[in-house]
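# Analysis of the macromolecular model
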Amino acid sequence: MQAKLEQRSFLLLLIVVTLLFLYLLKPFFGAVFWACVIGLLFHPLHQRLVKRWNGHENIAALATLTVCMALCILPAVFVITSFVQEGHALYERVQSGQLDPAAIMDKLRHSFPIVENVLSRLNIDLESIKSMATDAAVTSSRFLAQNAVELGQGTLSFFASLALMVYLAFFLLRDGPQLVELLVRALPLGDEREYQLFGKFAEVTRATVKGNLVVAAVQGGLGGLIFWALGIPGALLWGVVMMLLSLIPVVGASLIWGPVAIYLLAIGHWTQGIILIAFGALVIGLVDNILRPLLVGRDTKLPDYLVLLSTLGGFALFGINGFVIGPLIAALFIAFWQIFADEFNPTHQPVDSQSPVEQGD
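Residues numbered from 1 in each chain as written. Predicted model: local features only at pLDDT ≥ 70, side-chain atom pairs only at ≥ 80, totals over all residues. Heavy atoms only, no water.

By the naming in an unreviewed UniProt entry, the chain is AI-2E family transporter, taken from Halopseudomonas pachastrellae. Under Subcellular location (unreviewed entry), UniProt gives the following word-for-word description of the chain: "Membrane". (UniProt positions renumbered as here; feature names shortened; annotations may be inferred.)

Here's what the structure looks like:
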């Protein structure tokens, strides 16, 4: 009796201390999460460098992080900085009246009167939509402008988080296998199950990050390129926005190039509008339809609809990190149920596709 009481008390305190520790790490969640992602993505490169340099783990981890910085982190910092600067310029154009969302809505209404008729039949007031569009443009541009100021004021904080992420990634690259072994030893799920789950975790993380980022980078780059070629202001800004929206399957970049194309048609720029529609549907859209199933769905072994739902749910709950966390949770959900079905219901026979009526006949 005394031994059971002590064991239960210890397990209770173990849970409490673990939750407190996780709460302690909450302010650094982004840095810790992306350090784990870097460790998983660049682990194969690190292992090859370790073999080439006769087991020098520290040098191999440092070289791997250098490659990561050159390929991922520095370009991302440049794009984010340029994006916020473009947002500040957009805010200034809205404030000065050079960009008037209400005037844009009026042009759309006069160019496409059928839209106003459909909205009136649905009891939707176009004036309220125009007011909402104006407020949204002012709010979003002000948000970007404020972030531009905060980026300058919070440079130290930003680089502190970046340094923390790189620092953690170094140790995760160097000591990753030992940490996995420690977790396998500590978790009471059974070694075989734990290795299977850790393998699925690594597989889905690599596939989701590499696949979604490749698709997003290609779509955002193509979108920014066509905007620049057509002379649309803020090509870099809209390219980055399309890149971020491309993380959402199916719709993605069309949320930007679609309305812009409609606006170009509304103001009489038929050639530009048609070119943008054709390029968006045939080039940008095909990138999503071809690359995403190949890079994400195939490697994660998740159906397209589950990838879409889990990505949207991840965005809603975890923000920008959700495009990885959402599919990861979905994949672990499937993995747990597969383990349960294999181990607890191994004698289950598949149901005959013939119906009872057909069997009776």
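Once you've had a look at it, read on.
### Digging into the overall build of the chain
Of the regular secondary structure elements, the chain holds 15 helices and zero strands. Buried residues in the chain amount to 30% of all 361 residues. Considering only contacts within the chain whose residues lie at least 6 apart along the sequence, 70% involve residues at least 24 apart. Total accessible area on the chain is roughly 22,200 Å²; 69% of this is exposed by carbon and sulfur atoms. (Helix = DSSP H or I, 4+ residues; strand = E, 2+ residues; numbered from the N terminus. Buried < 20%, exposed > 50% of the residue type's maximum accessible area, 1.4 Å probe, protein only. Contact = heavy atoms within 4.5 Å. Areas by Shrake-Rupley, 256 points an atom, 1.4 Å probe, with all protein chains shown as cover.)

### Some words on the UniProt feature "transmembrane region" (unreviewed entry) in the chain
Cross-referencing UniProt, the feature "transmembrane region" (unreviewed entry) maps to residues 9-25, 31-47, 59-84, 151-173, 213-230, 236-266, 273-295 and 315-337 in the present numbering. Spanning residues 31-47, this segment combines 94% helix with 0% strand, and its end C-alpha atoms are found 23 Å apart.

### Considering helix α1 (residues 2-25)
For α1, spanning 24 residues, the distance from its first C-alpha to its last is 35 Å, which sits close to the expected 34 Å at 1.5 Å a residue. For α1, the tally of buried residues reaches only zero of 24 residues, placing the bulk of the element at the surface. (Expected span 1.5 Å × (residues − 1).)

### Points about the layout of surface pockets
By volume, the second largest pocket is sized at about 1,500 Å³. Lining of the second largest pocket is provided by 38 residues; of these, Cys36, Leu172, Leu183, Phe198 and Phe201 occupy positions nearest its centre. Secondary-structure elements contributing two or more residues to the lining of the second largest pocket are α1, α2 (29-41), α8 (155-186), α9 (191-229) and α14 (322-344). Among the elements that line the lining of the second largest pocket, the one with the most residues is α8, at nine residues. Of the residues contributing to the lining of the second largest pocket, the split by class is 29 nonpolar, six polar and three charged. (1 Å grid on protein atoms, 1.4 Å probe; cavity = no way out; pocket = protein on both sides within 12 Å on 5 of 7 lines; lining within 4 Å. Points joined across faces, edges and corners; volume = space filled by probe spheres on them. Nonpolar A, V, L, I, M, F, W, Y, C, P; charged D, E, K, R; others polar.)

### Some details on the pattern of salt bridges
In total, this model carries two salt bridges according to the counting rule given. With its nearest N and O atoms 3.0 Å apart, the salt bridge here joins arginine 174 to aspartate 175. Given the relative accessible area of 24%, arginine 174 is considered partly exposed. The exposure class of aspartate 175 is partly exposed, given its relative accessible area of 23%. A salt bridge links glutamate 203 to lysine 200, with the nearest nitrogen and oxygen atoms 3.6 Å apart. Taken together, the positions of glutamate 203 and lysine 200, both in helix α9 and three residues apart, correspond to about one turn of that helix. A residue is classified by how much of its surface remains accessible, and lysine 200, at 15% relative accessible area, is buried. (Salt bridge = Lys/Arg side-chain N within 4 Å of Asp/Glu carboxyl O.)

### Description of a nonpolar patch on the surface
A contiguous nonpolar patch, built from Ile15, Leu19, Phe21, Leu22 and Leu24 and spanning about 530 Å² of accessible area, is present on the exposed surface. Structurally, leucine 19 can be placed in helix α1. For leucine 19, a relative accessible area of 53% gives the class exposed. (Patch = residues over 30% accessible without salt bridge, like charges linked within 9 Å, V, L, I, M, F, W, Y side chains within 5 Å.)

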